[in-house]
Amino acid sequence: DSIHDSVLLHDSEFKIMKANRALLQRLGKAAADVTDRSCEEILPHDSTWKSCPYCTNSEDFFYEGVDPCFGGFATVSTSSYSEQGSNAKGTIHVVRDVTDHRVAEEKYRQLFEQVQEGVFVANADGKMLDCNDAFVRMLNHSNREDLMALNIENEIYASQDQRDALRRAMELHNYVRNFEVTLRRKDGSLITAMESSFATRNAEGKI
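Residues numbered from 1 in each chain as written. Predicted model: local features only at pLDDT ≥ 70, side-chain atom pairs only at ≥ 80, totals over all residues. Heavy atoms only, no water.

A.B. asks: What exactly am I supposed to notice about the packing of aromatic side chains here?
C.D. replies: Where two aromatic rings form a pair, the distance of their centres and the angle of their planes describe that pair. Enumeration according to the criterion identifies two aromatic pairs in this entry. Where Tyr108 meets Phe112, the ring centres are 5.5 Å apart and the plane angle is 35 degrees; that geometry is what we call tilted. Of this pair, Tyr108 and Phe112 both sit in helix α4 (residues 99–114), separated by four residues, roughly a single helical turn. For the cation-ring pair, Arg26 lies above Phe70, with the distance from its terminal atom to the ring centre recorded as 4.1 Å. One residue, Arg102, lies across the ring of Phe73, its end atom 3.9 Å from the ring centre. (Phe/Tyr/Trp six-rings, centres within 6.5 Å; stacked < 30°, edge-to-face > 60°. Helix = DSSP H or I, 4+ residues; strand = E, 2+ residues; numbered from the N terminus. Lys NZ or Arg CZ within 6 Å of the ring centre and 35° of its normal.)

Spelled out as structure tokens, the structure:
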């Protein structure tokens, strides 16, 4: 796990058994200040939680959402703990602050939605992973879900020759700029568009 993850270990009575350095730094306390003290006593507290902020009544061992202690957004993974050769049992929570990631994601989403050009993301097989509203309107679909159910290679690009040329260019250069394509709208009519795209590759070098 990242050294920036906060790790909290408490017993079945919600008394803190251990807190790692990252959590102690967030609390501004030393290990001796928190050991054998209750979560309610040590962790930043409001009225929304009792006993432990990261324990839930469900069977979920992974949570992503608002951090009930420190604010912002966090991912929390939870597992049970039992000490070898002892009856000591407890619960371990690993808390990762993802606030900066969520803010960056939201900025990307706003840019994605606000540009006037049609934008889409697809895998190498033509399955669409995302698209913006401008692309939905451009192809005369009523909603994003219907459009994303289509394969862009086989059902939206209208020309086999253009598809092959586009694929060769992407394989060779990793991008195309102002590449002329003919696209099929929902009603079957064709439109001519200029496409600028770039490829991302996996560890094996495949798009």
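A.B. asks: Help me understand the pattern of salt bridges, please; the structure alone is not making it clear to me.
C.D. replies: Opposite charge on two side chains allows them to pair when their charged atoms are near. Taken as a whole and judged by the stated rule, the model has twelve salt bridges. Note that Arg96 and Asp5 form a salt bridge whose closest N and O atoms lie 2.9 Å from each other. Of this pair, Arg96 sits in strand β5 (residues 89–97) while Asp5 sits in the segment before β1 (6–11); the two residues are 91 residues apart in sequence, bridging distant segments of the chain. Glu113 is the partner of Arg144 in a salt bridge, and the nearest nitrogen-oxygen pair spans 2.7 Å. Of this pair, Arg144 sits in helix α6 (residues 144–148) while Glu113 sits in helix α4, placing them 31 residues apart in sequence. Glu113 sits in the partly exposed class, given a relative accessible area of 25%. (Salt bridge = Lys/Arg side-chain N within 4 Å of Asp/Glu carboxyl O. Buried < 20%, exposed > 50% of the residue type's maximum accessible area, 1.4 Å probe, protein only.)

A.B. asks: Sorry if this is basic, but what is going on with the pairing of strand β3 (residues 62–66) here?
C.D. replies: Strand residues, when the strand is regular, have side chains that alternate between the two faces of the sheet. In the sheet, β3 pairs with strand β4 (residues 73–82) via five bridges, with the strands oriented antiparallel. Bridge assignment links Val66 to a residue of β4, and that residue is Phe73. Counted between consecutive antiparallel strands, the loop separating β3 from β4 contains six residues, among which Gly71 sits at a positive phi close to 75 degrees. (Pairing = 2+ DSSP bridges.)

A.B. asks: I'm lost on unusual backbone geometry in this one. Help?
C.D. replies: With the exception of glycine, most residues fall at negative phi, and the peptide bonds are largely trans. Here the phi dihedral of Ser51 falls at roughly 70 degrees; this positive angle occurs in a residue that is not glycine. Along the chain, Ser51 falls in the loop between α3 (39–42) and β3. For Ser51, a relative accessible area of 25% gives the class partly exposed. The backbone phi angle of Asn178 is positive, close to 50 degrees, even though this residue is not glycine. Relative to the helices and strands, Asn178 resides in strand β8 (residues 175–184).

A.B. asks: Would you explain the nonpolar core in this entry?
C.D. replies: Within soluble globular proteins, side chains that are nonpolar generally end up buried alongside one another. One finds Met128, Phe135, Leu147, Ile156 and Leu183 to be the most contacted residues of the largest nonpolar core, which totals 18 residues. Among the secondary structure elements, those contributing two or more residues to this core are β7 (128–131), α5 (133–138), α7 (152–156), α8 (160–173) and β8. Per-element accounting of this core gives the leading share, four residues, to β8. When residues no more than four places from it in sequence are discounted, the contact partners of Ile156 are Met128, Leu139, Leu147, Leu150, Asn151, Thr182, Leu183 and Arg184. Membership of the second largest hydrophobic core comes to 17 residues, among which are Ile16, Ala19, Trp49 and Val95. (Core = buried A, V, L, I, M, F, W, Y, C linked by side-chain atoms within 4.5 Å. Contact = heavy atoms within 4.5 Å.)

A.B. asks: What is the right way to look at α8 in this model?
C.D. replies: Residues separated by three or four positions in an α-helix point in the same direction, a consequence of the helix having 3.6 residues per turn. Its 14 residues place the ends of α8 20 Å apart at the C-alpha level, agreeing with the 20 Å of an ideal helix rising 1.5 Å per residue. Among all positions of α8, only Gln162, Arg163, Leu166, Ala169 and Met170 are buried. Considered in projection along α8, the buried side chains sweep an arc of 130 degrees and stay on one side of the axis. Opposite the packed face of α8, turned more than 90 degrees from it, sit the exposed residues Asp161, Arg168 and Leu172. Looking at the buried residues of α8, the elements they touch are α7, β8 and β9 (190–198). The opening residue of α8, the one whose side-chain oxygen lies 3.4 Å from the backbone nitrogen of Asp161, is Ser159. Downstream of α8 by a residue or two, Asn174 has a phi angle that is positive, lying close to 80 degrees. (Expected span 1.5 Å × (residues − 1). Arc of directions from axis to C-beta. Polar contact = N/O pair within 3.5 Å; in protein donor to acceptor, adjacent residues only side chain to side chain.)

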